[in-house]
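Spelled out from the first residue to the last, the chains are:
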Amino acid sequence: MTKTTKPTPDSTIFDSILQIKNFFNNFLLWTLINVDKNNVKGTFKIIYQQLFFVVSIPLLLSCSAGDDLDSIGIEPEFMAPEKIVKINIIYVESSETLHKSSYTLNEAEFINYLNGKYFHRFGIGLELGESKSLVNEELYDLRDNEGSEPSTFLMQSRESYDKSKVNIYIVKRCNILGIAGIGRDQRVLITDENLFTSTAPHEIGHALGLFHTHEAENIMNTVDKGSRYNFNKDQEKKIKKRIDEINSNNLN
Ligand SMILES: [Zn+2]
């Protein structure tokens, strides 16, 4: 967990967590298959199934520390994208703020910012899907859940996200700049003051399956935030593959 006032952790910690998680996933899946094969019933099977469920939930990363900056000197560039993914925007409100919402986001401008500065040049297009408000007291003031932001986010957003889109939850108050899930679903949480910074494409990158990298100028770099603007070829391929998977959810 990283707070805005502390230095960025080495991203290899996250990568190690992922490796351990994958190992357990594979082990539990193997065991589960064998338990099924041997037709073992009862308590042991239930324990394994529950363990498998717990370990196989998407890995959530909370990212970004310190000041985040808009990418310097990047001219927006628009072109016809090869792959398009829809973006849902979810404004998190409390029951008190719902009718006098303080979010003033120009959604079209936000999507243009993301496409022009970061995504179109790689043949990736984001398109606005729906936008809605979600009343959720836990998410509204995530500062009350210091230290457990990612798990709180995962729990509290599970009923409101759309698997056939990338879902961006926007909050006002949080100790961290962004949270994203890597795995089978696409949920991103960003504080509204960081929407027009490289945190937004970074978290969307996670939601589309990318991990951190040390590569200079890479959007998934956690260090040089002022100069993040690039996806490498592998990342571009990964994102496009993930977009195909997400869009195929529309057909189910
Ligand atoms: Zn990150």
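All values derive from a computational prediction rather than experimental measurement.

**Side note on the packing of aromatic side chains**
Across all of its chains, the model carries seven aromatic pairs by this definition. For the pair Phe 110 and Phe 196, a centre-to-centre distance of 5.6 Å together with 70° between the ring planes defines the contact as edge-to-face. Remark: Phe 196 occurs in the loop between β6 (187–191) and α6 (199–207) and Phe 110 occurs in helix α3 (residues 107–119); sequence separation between them is 86 residues. For Phe 110, a relative accessible area of 0% puts it in the buried group. The class for Phe 196 is partly exposed, based on a relative accessible area of 31%. Following the ring pairs from residue to residue traces out a cluster consisting of Phe 110, Tyr 113, Tyr 118 and Phe 196. When the ring centre of Tyr 103 is taken as reference, the NZ or CZ atom of Lys 172 above it lies at 5.0 Å. The ring of Tyr 161 carries Arg 187 above its face, with NZ or CZ at 4.0 Å from the centroid.

**Here we look at the confidence of the model for the protein**
Mean pLDDT for the protein: 78, with 67% of residues reaching 70 or above. The least confident element of the protein, judged by mean pLDDT, is helix α1 (residues 12–37) at 52; the most confident is α3 at 97. Residue range residues 1–12 is modelled with pLDDT below 50. Its contacts to residues more than four positions away, or to other chains, number 32 contacts.

**Observations concerning unusual backbone geometry**
You will see that Glu 217, though not glycine, has its phi angle at about 65°, which is positive. With respect to the helices, strands and loops of the structure, Glu 217 is situated in the loop between α6 and α7 (233–249).

Basis of the calculations
Residues numbered from 1 in each chain as written. Predicted model: local features only at pLDDT ≥ 70, side-chain atom pairs only at ≥ 80, totals over all residues. Heavy atoms only, no water. Phe/Tyr/Trp six-rings, centres within 6.5 Å; stacked < 30°, edge-to-face > 60°. Helix = DSSP H or I, 4+ residues; strand = E, 2+ residues; numbered from the N terminus. Buried < 20%, exposed > 50% of the residue type's maximum accessible area, 1.4 Å probe, protein only. Lys NZ or Arg CZ within 6 Å of the ring centre and 35° of its normal. pLDDT = per-residue confidence, 0-100. Contact = heavy atoms within 4.5 Å.

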